[in-house]
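# Report on the structure
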Amino acid sequence: MTSIAANLQAVRARIFAACAAAARAPETVSLLAVSKTWPASAVSDAAAAQQRMFGENYVQEAVAKIAALTTQENQELEWHFIGPLQNNKTKLVAENFAWVHSIDNLKAAQRLAQQRPAGLPALNVCVQVNVSDEATKGGVSPMTTLKLAREICLLPNLHLRGLMTIPAATTDVATQRQQFSILRELKENLNRDGLNLDTLSMGMSHDLEAAILEGATIVRVGTAIFGERH
Ligand SMILES: *Cc1c(COP(=O)(O)O)cnc(C)c1O
């Protein structure tokens, strides 16, 4: 077994245990393998170990990797863009990805809607929310999330699926849960307001257990699968 396959097995076991602790069915949580900075061969190793969903942060790097891996037997890989989205890169993202987790302004959403090629299914999108009020982090404030979500729902070629967050890094589990609970409650409020969101993209290598306890439906895991990035 490659170390990537062994790491994947360990991460799946963590997800399974966290689901048990949260009294949730394991199939309600999807694992997004974050392959940024790692070569296509690392993605192939993970794909050989039945991993299907991959997350990337840098458009150029991702597009090269996707091209290298789009062969007959890799048709079923699903690519998620999770990094900061610059206006001059939206076209490549609209053309190459199935999901975008990191939308935090209407202009980016409008460009993606306009640039999504006809013939591809709607692009699945999440609004990125800044739950920890750090000025350095992307994401809209919880207060303005409903407004942006409503505007995105009116755009063609996009399917608003839910919310994503990158909370302040902390090893304190109570603080991790408190930050993730903000996103969960926000999604519940938006759904009460008539939206139909099914996705909470939250939890990474060090805090996926807390995220699952607070309702994560997609955990985004890089380091615990591929190793430390350099
Ligand atoms: C890099 C990255 C991850 C993965 O983080 P790890 O700590 O390596 O698991 C998840 N989400 C986003 C948005 C990232 O940029």
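Higher on the page you've got the structure.
Sequence order sets the numbering: in each chain, residues are counted from 1 along the sequence as written. Given that the model is predicted, a residue must reach a pLDDT of at least 70 before its local features are reported, and side-chain atom pairs must reach 80 or more before they are shown or counted; all residues, however, enter totals for whole chains, interfaces and linings. Just so you know, side-chain values use all the structure's heavy atoms and leave hydrogens and water out.

With that settled, the discussion passes to the side chain of Asn130. Relative to the elements of secondary structure, Asn130 occurs in the loop between strand S5 (123–128) and helix H6 (142–153). Counting of polar contacts relies on pairs of N or O atoms within 3.5 Å, with two restrictions inside protein: one atom must be capable of donating a hydrogen and the other of accepting it, and residues adjacent in sequence are counted only when both atoms are side-chain atoms. Reaching out from Asn130, the side chain makes a polar contact with the backbone nitrogen of Ser132 at a distance of 3.3 Å. In contact with Asn130, not counting residues within four places along its chain, are Lys137, Gly138, Gly139, Val140, Ser141 and Pro142. Helix and strand labels come from DSSP, where a helix needs a run of H or I of at least four residues and a strand needs a run of E of at least two; each type is numbered from the N terminus. Residues count as neighbours in contact if any of their non-hydrogen atoms are within 4.5 Å of one another.

This paragraph deals with helix H1 (residues 3–21). For the α-helix, the turn length of 3.6 residues means that residues three or four positions removed from each other point alike. Compared with the 27 Å implied by 1.5 Å per residue over 19 residues, the 27 Å span of H1 between its first and last C-alpha is a close match. Three exposure classes are used, based on accessible area relative to the maximum for each residue type with a 1.4 Å probe and protein chains only: buried under 20%, partly exposed in between, and exposed over 50%. Along H1, the residues classified as buried are Ile4, Ala5, Leu8, Val11, Ile15, Ala18 and Cys19. Here the buried residues of H1 occupy an arc of 145° about the axis, which is enough to place them on one side. When the buried face of H1 is taken as reference, the exposed residues oriented beyond 90 degrees from it are Ser3, Gln9, Phe16, Ala20 and Ala21. Multiplying one less than the number of residues by 1.5 Å gives the expected span of a helix. Directions drawn from the helix axis to the C-beta atoms are what define this arc.

This next bit is on the environment of Arg184. Among the secondary structure elements, Arg184 is positioned in helix H7 (residues 173–192). For Arg184, a relative accessible area of 24% translates into the label partly exposed. Between the alpha carbons of Arg184 and Ser3 there is a distance of 34 Å; along the sequence they are 181 residues apart. Dropping the residues within four chain positions of it, Arg184 is found in contact with Leu200 and Glu214.

When the charged atoms of two side chains lie near each other, side chains of opposite charge can form a pair. By salt bridge we mean one thing: a side-chain nitrogen of Lys or Arg within 4 Å of a carboxyl oxygen of Asp or Glu. Counted by the stated rule, this structure contains eleven salt bridges. Of the charged contacts in the structure, one is a salt bridge between Glu95 and Lys91, with a shortest N-O distance of 2.8 Å. Here Lys91 and Glu95 lie together in helix H4 (residues 90–96), a separation of four residues that amounts to about one turn. With a closest N to O distance of 3.0 Å, Arg161 and Asp198 form a salt bridge. With a gap of 37 residues between them, Arg161 in strand S6 (residues 158–164) and Asp198 in the loop between H7 and strand S7 (199–201) connect regions that are remote in the sequence. On the basis of relative accessibility, which here comes to 18%, the residue Arg161 falls in the buried class.

Let us look at unusual backbone geometry. Backbone geometry follows two general trends: most residues other than glycine have a negative phi, and most peptide bonds adopt the trans configuration. Even without being a glycine, Ala23 presents a positive backbone phi close to 55°. Position of Ala23 relative to the elements: it lies in the loop between H1 and strand S1 (30–34). Owing to a relative accessible area of 72%, Ala23 belongs among the exposed residues under this scheme. Backbone geometry places Asn157, a non-glycine residue, at a positive phi of 70°. Looking at the secondary structure, you find Asn157 in the loop between H6 and S6.

Within the secondary structure layout, Leu200 lies in strand S7. Looking at Leu200, the relative accessible area reads 3%, which means it is buried. Considering only alpha carbons, one finds Leu200 and Cys126, 74 residues apart in sequence, at a separation of 8.4 Å. If we skip the residues at most four places from it in the chain, Leu200 touches Leu163, Leu183, Arg184, Lys187, Glu214, Gly215, Ala216, Thr217 and Ile218.

Stacked, tilted and edge-to-face pairs are distinguished by plane angle, under 30 degrees for stacked and over 60 for edge-to-face with tilted covering the rest, among Phe, Tyr and Trp rings (Trp via its six-membered ring) whose centres lie within 6.5 Å. Inspection of every chain in the model, using the stated rule, returns three aromatic pairs. Arranged with centres 5.6 Å apart and planes meeting at 35°, the rings of Phe54 and Trp79 form a pair that is tilted. Note that Phe54 is positioned in strand S2 (residues 53–56) and Trp79 in strand S3 (residues 78–81), a separation of 25 residues in sequence. Residue Phe54 shares its accessibility class with Trp79, and that shared class is buried. Where Phe81 meets Phe97, the ring centres are 5.4 Å apart and the plane angle is 75°; that geometry is what we call edge-to-face. Of this pair, Phe81 sits in strand S3 while Phe97 sits in the loop between H4 and strand S4 (99–103), and the two are 16 residues apart along the sequence. Of the two residues, Phe81 and Phe97, both sit in the buried class.

None of the figures reported here should be taken as evidence of function without further support.
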